[in-house]
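# Chains, contacts and geometry: an overview
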Amino acid sequence: MAAERRAEAAADLAERTRAERATVRLADRIRASVGTRVRVFLGDPLVRSEAVVEGQVHDAAPEWFVMRDDTGAVVVITTRAVRAVRGLAHHAAPPPGRVESRLGLGHVLRRLARDRAGVQVLGDAGLMSGRIEAVGADHLDLTDEGRLWVVPFDALAYVRTQG
């Protein structure tokens with residue numbers, strides 16, 4: 001009977017663990033991986049080599065995370081563009097607080113715009129280079145040799161500083 005109770009308790013614990021794991025979001029695992037080196041796939045590397053980013057996670061919020069790649073460039077990656085990640089923590093960070101939850105993609109992109117950093121933008125339209133002139137609620141304005149590109153956030157995979 002004691003063995004049966006132990007087996008029942010182990011099965012109950014396993015079921016609770018599975019149920020808890022089912023609530024973990026990718027963004028929570030990325031947030032738990034700040035300081036960790038990861039490899040992020042944003043598409044097929046055989047089709048587009050720039051679709052793979054390797055480096056250390058420096059900051060993260062629910063919609064985005066920031067990495068510093070091997071060249072020292074800052075790469076802002078949209079969480080929704082991630083296709084696979086190698087090297088993430090096995091655990092999850094606690095749910096974000098109210099302030100952290102409100103730090104949308106525009107927040108971090110406005111900082112790059114303020115710094116007037118030259119950037120590469122990888123999105124659905126391909127790879128573009130220029131400077132971020134302005135950041136709206138759901139898009140950014142990228143100038144390239146006097147031409148203006150308006151890029152919706154939903155089309156972004158990453159924004160990388162040219163440094």
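The model shown is predicted, which means the values in this text are computed figures rather than measured ones.

## Considerations on the overall build of the chain
Looking only at helices and strands, the chain features four helices and 10 strands. The N-to-C order of helical and strand elements in the chain reads α-α-β-β-β-β-β-α-α-β-β-β-β-β. With 163 residues in all, the chain has 41% of them scored as buried. A separation threshold of at least 6 residues defines the contact pool for the chain, and within that pool the share at least 24 residues apart is 55%.

## Brief notes about the nonpolar core
Among the nonpolar cores identified, the biggest contains 21 residues, and V76, L105, L109, I132, L140, L156 and V159 are the most heavily contacted of them. For this core, the elements supplying multiple residues, two or more each, are β3 (64–69), β4 (74–78), α4 (105–114), β6 (118–123), β7 (126–135), β8 (139–144) and β10 (156–161). Residue contributions to this core peak at five residues, all from α4. What L105 contacts, discounting residues up to four positions off in sequence, is E63, W64, V76, T78, F153 and L156. Of all hydrophobic cores here, the second largest spans 17 residues; its members include A60, M67, V82 and L122.

## Some points on unusual backbone geometry
Despite not being glycine, R116 has its phi angle at roughly 55 degrees, a positive value. Take R116: it is sitting in the loop between α4 and β6. Phi is positive for E145, close to 50 degrees, though the residue is something other than glycine. Looking at where E145 falls in the secondary structure, it is placed in the loop between β8 and β9 (147–152). Classification of E145 by relative accessible area gives exposed; the value is 77%.

## Concerning the pattern of salt bridges
Scanning the entire structure with this criterion turns up eight salt bridges. The residue R114 makes a salt bridge to D115 at a minimum N-O spacing of 3.2 Å. Among the residues examined, D115 registers a relative accessible area of 44% and is labelled partly exposed. Here E133 ties to R116 by a salt bridge, and the two come within 3.2 Å at their closest N and O atoms. You can see E133 sitting in strand β7 and its partner R116 sitting in the loop between α4 and β6, a full 17 residues away along the chain. E133 sits in the partly exposed class, given a relative accessible area of 37%. Several salt bridges share partner residues, and in doing so they unite R37, R39, E54 and D70 into one network.

## So, the side chain of D69
Within the secondary structure, D69 sits in strand β3. The buried category is assigned to D69, whose relative accessible area is 9%. Each residue touching D69, except ones within four places of it in the same chain, is listed here: E54, G55, V75 and R160.

Criteria and thresholds
- Residues numbered from 1 in each chain as written.
- Predicted model: local features only at pLDDT ≥ 70, side-chain atom pairs only at ≥ 80, totals over all residues.
- Heavy atoms only, no water.
- Helix = DSSP H or I, 4+ residues; strand = E, 2+ residues; numbered from the N terminus.
- Buried < 20%, exposed > 50% of the residue type's maximum accessible area, 1.4 Å probe, protein only.
- Contact = heavy atoms within 4.5 Å.
- Core = buried A, V, L, I, M, F, W, Y, C linked by side-chain atoms within 4.5 Å.
- Salt bridge = Lys/Arg side-chain N within 4 Å of Asp/Glu carboxyl O.

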